[in-house]
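Given next are the chains, with one letter for each unit.
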Amino acid sequence: MNHLLWRSATAIEGDEPGDAIMEFMTGEDVILDRVLFPHDLRATVAHVRGLQRIGILTREDSERLCSLLDELRGDFFAGRFILDRRFEDGHSAIEAYLHDKSGDLGDRVHTGRSRNDQVAVATRLFMRERVQEIATLSGAIAQACLEQARVHADWPMPGYTHLQRAVPSSIGLWLGSFAEAFCDDVAFACSVLEILDASPLGTAAGYGVNLPLDRAGVATELGFTRLQINPMAVQNARGKFELMSLQAALHPMQDLRRLAWDLSLFATAEFAFVRLPPQYITGSSIMPNKANPDVVELLRARTASIEGALVEVQSILSLPSGYHRDLQLSKAPLVRGLQFARQALAIVPELIRSLAFDPERMRNAITPDMFATDIALERAAAGAPFREAYHQAKNELANLPPRDAEHSLAQRVSPGACGDLQLEQIGARLESMISCIPETSGEGG
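These numbers were taken from a predicted model, which means no experiment stands behind them.

Novice: I would appreciate a short explanation of the environment of Trp155 in the present structure.
Specialist: Position of Trp155 relative to the elements: it lies in the loop between helix H7 (115-151) and strand E1 (156-161). Through-space distance from the C-alpha of Trp155 to that of Ser170 is 5.3 Å; in sequence the pair is 15 residues apart. The contacts of Trp155, once residues within four sequence positions are left out, are Ser169, Ser170, Ile171, Phe357, Pro359 and Met362.

Structure representation (structure tokens):
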């Protein structure tokens with residue numbers, strides 16, 4: 001097989017780059033393309049069928065090429081065909097394989113298509129699949145939070161501001177807050193999916209081609225609902241759409257970081273409000289008494305990886321119109337960031353469902369002074385000016401008698417508060433958001 005097919009096709013005659021320059025230019029492209037390869041193959045099949053529809057390929061030639069591409073796909077997933085540094089990238093590997101198997105027929109696949117086309121559509125399919133997964137996982141986390149919030153809706157726990165005890169709160173309010181946050185993350189991911197749902201294939205290097213390509217038919221075959229019409233817009237979207245996809249990953253990861261922080265605090269001996277499931281903790285290499293919340297801590301830290309990926313892509317995008325080789329470097333942070341997010345979010349629903357709470361410990365942490373806000377508002381409701389009632393309660397802090405936490409929660413009836421959590425409304429919105437997540441083919445790994 002001619003593994004240097006792409007290199008020889010793009011080099012200036014007589015001036016082929018040396019190994020050091022090729023290694024610099026290709027970087028880790030071919031390794032990263034293992035993730036994109038199934039999408040590249042799927043898009044190539046659609047392109048071949050599109051060429052048949054406009055008479056560039058015969059039916060027999062099209063069927064032969066599609067059969068070879070299907071064979072390559074099977075070999076790839078079975079481990080018989082390995083993308084490694086023999087190839088410049090996944091695109092050249094496909095072309096080399098087809099050339100090796102079918103000679104000149106394989107060389108015709110690239111008709112009307114630029115490598116920019118291949119990169120754009122494979123990346124678009126990959127982003128669409130990953131963002132769909134992130135939306136689904138965010139919904140699963142929201143659902144798990146809702147389940148626990150409903151079961152423990154009126155279990156008292158301290159509410160904090162500035163990490164100082166503030167007012168009586170409840171598990172229902174605490175986990176309900178994360179349910180609604182992750183529901184928002186589903187909505188955001190769906191908005192990104194709507195933008196991604198446009199086929200870039202058939203725009204070549206950004207200026208179209210002098211062939212009547214069946215772009216609409218190819219888009220339909222790939223599951224896109226519309227075309228990204230302008231060829232230059234396709235090229236100018238490179239990096240921009242990657243940022244959107246990473247932002248769809250960042251939002252739930254930021255909420256997860258906050259949840260992980262809470263769990264790491266509440267699981268300490270000083271708080272002891274919650275016990276983490278044993279499969280999410282590890283022991284110490286030297287201290288037999290230790291049970292460390294390693295998984296929670298890594299969930300908390302992993303958000304930094306997505307933030308770093310965003311900064312990396314943003315730094316690349318200071319470019320004029322059209323394609324520039326700089327954009328090749330957006331692939332690594334995209335793949336890395338989306339993979340980290342998917343991996344982290346996937347283990348959270350079971351973590352939430354497995355949490356065990358200590359109601360006595362939480363109740364004992366609610367001290368009489370935490371009812372001062374209730375007392376001030378009760379006096380204001382009876383006719384006293386609020387600021388006067390505030391100062392009266394403040395002056396009485398040392399002598400406030402114990403109060404019943406459940407009664408305090410039940411009296412907190414402002415919409416969304418502990419006495420009116422409206423979890424069903426959050427659940428209804430979540431169901432609506434989940435139903436809007438489009439399905440993808442799941443071609444990737």
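Novice: When you look at the packing of aromatic side chains in this model, what are you seeing that I'm missing?
Specialist: Centre distance and the angle of the planes are the two values used to describe a pair of aromatic rings. Under the criterion given, the structure shown has 14 aromatic pairs. A ring pair is formed by Phe266 and Phe273, whose centres lie 5.4 Å apart and whose planes are at 45°; its orientation type is tilted. Per residue, the accessibility class of Phe266 equals that of Phe273, and both read buried. Each residue in the set Tyr160, Trp174, Phe178, Phe266, Phe271, Phe273 and Phe357 is aromatic and connected to the rest through ring pairs, giving one cluster. A cation over an aromatic ring shows up here: Arg128 above the ring of Phe224, its NZ or CZ 4.4 Å from the ring centre. Here Arg300 stacks its cationic end above the ring of Trp261, 4.2 Å away from the centre of that ring.

Novice: What exactly am I supposed to notice about a nonpolar patch on the surface here?
Specialist: On the surface, a nonpolar cluster with roughly 270 Å² of combined accessible area is contributed by Leu377, Phe386 and Tyr390. Position of Leu377 relative to the elements: it lies in helix H16 (residues 372-381).

Novice: Would you mind showing me how to read the state of the cysteines here?
Specialist: In this structure the tally under the stated criterion is 0 disulfides. Free of any disulfide, Cys145 has its nearest neighbouring cysteine sulfur in Cys183, separated by 11 Å. In this model Cys190 remains outside any disulfide bridge; the closest cysteine sulfur is found in Cys436, 6.1 Å from its own.

Novice: Honestly, the pairing of strand E2 (residues 164-170) in this entry has me stumped. Any pointers?
Specialist: Each regular strand carries side chains that alternate between the two faces of the sheet. Of the strand pairs in this sheet, E1 and E2 are connected by 6 bridges, and their pairing is antiparallel. Considered in E2, the bridge of Gly159 is made with Val167. Hairpin connection, E1 to E2: the antiparallel pair is bridged by 2 residues, and His162 has positive phi, about 60°.

Novice: Where do I start with the nonpolar core in this structure?
Specialist: Across soluble globular proteins, nonpolar side chains have a tendency to be buried as a group. Residues Trp174, Leu256, Leu259, Leu263, Leu351 and Phe357 are the most contacted members of the largest nonpolar core, which totals 73 residues. Mapped onto this core, the elements with two or more residues apiece are helix H3 (29-53), H7, helix H8 (171-196), helix H11 (240-266), helix H12 (294-316), helix H13 (331-346), helix H14 (348-353) and helix H19 (423-435). For Leu256, the residues in contact, after removing those within four places along its chain, are Phe182, Leu299, Ala344, Leu345 and Val348. With 24 residues, the next largest nonpolar core counts Leu57, Leu68, Phe87 and Leu98 among its residues.

Novice: What is the right way to read the packing of H7 against H8 from this model?
Specialist: Packed helix pairs are specified by the crossing angle of their axes together with the interaxial distance, meaning the distance between the axes. In the contact formed by H7 and H8, the axes pass within 8 Å of each other and the chain directions differ by 160°. In terms of axis orientation, H7 runs roughly antiparallel to H8. Every pair of crossing elements has a handedness; the one defined by H7 and H8 is left-handed. Broken down by class, the residue content of the contact of H7 with H8 amounts to 18 nonpolar, 6 polar and 3 charged.

Novice: What exactly am I supposed to notice about H3 here?
Specialist: Turn by turn, an α-helix covers 3.6 residues, leaving residues three or four places apart pointing in a common direction. If you look at H3, its biggest bend is around 65°, right at Val35, and the proline Pro38 turns up within four residues after that. Here H3 lies mainly inside the structure; 19 of its 25 residues are buried.

Novice: What is the right way to read the side chain of Asp262 from this model?
Specialist: Relative to the helices and strands, Asp262 resides in helix H11. Although Asp262 is buried, it makes no salt bridge; Arg258 carries the closest opposite charge, 6.8 Å away. Sequence-distant contacts of Asp262, that is, excluding residues within four places in its chain, are made with Trp174 and Phe178.

Novice: When you look at unusual backbone geometry in this model, what are you seeing that I'm missing?
Specialist: Peptide bonds are mostly trans, and most non-glycine residues show a negative phi. The phi angle at His162 is positive, at roughly 60°, despite the residue not being glycine. Of note, His162 is situated in the loop between E1 and E2. Judged by relative accessible area, which is 74%, His162 ranks as exposed. Residue Ala204 is not a glycine yet carries a positive backbone phi of 55°. Looking at where Ala204 falls in the secondary structure, it is placed in the loop between strand E3 (198-199) and helix H9 (215-221).

Rules and cut-offs
Residues numbered from 1 in each chain as written. Predicted model: local features only at pLDDT ≥ 70, side-chain atom pairs only at ≥ 80, totals over all residues. Heavy atoms only, no water. Helix = DSSP H or I, 4+ residues; strand = E, 2+ residues; numbered from the N terminus. Contact = heavy atoms within 4.5 Å. Phe/Tyr/Trp six-rings, centres within 6.5 Å; stacked < 30°, edge-to-face > 60°. Buried < 20%, exposed > 50% of the residue type's maximum accessible area, 1.4 Å probe, protein only. Lys NZ or Arg CZ within 6 Å of the ring centre and 35° of its normal. Patch = residues over 30% accessible without salt bridge, like charges linked within 9 Å, V, L, I, M, F, W, Y side chains within 5 Å. Areas by Shrake-Rupley, 256 points an atom, 1.4 Å probe, with all protein chains shown as cover. Salt bridge = Lys/Arg side-chain N within 4 Å of Asp/Glu carboxyl O. Disulfide = S-S within 2.5 Å. Pairing = 2+ DSSP bridges. Core = buried A, V, L, I, M, F, W, Y, C linked by side-chain atoms within 4.5 Å. Axes fitted to C-alpha atoms, helices over the stretch in contact; angles between N-to-C directions. Parallel < 35°, antiparallel > 145°, perpendicular 65-115°, else oblique. Left-handed = near helix turned anticlockwise from the far one by under 90°. Nonpolar A, V, L, I, M, F, W, Y, C, P; charged D, E, K, R; others polar. Bend = angle between axes of the 7 residues up to and from the residue. Lys, Arg positive; Asp, Glu negative; His and termini not counted.

The values reported here are purely geometric and, on their own, carry no functional implication.
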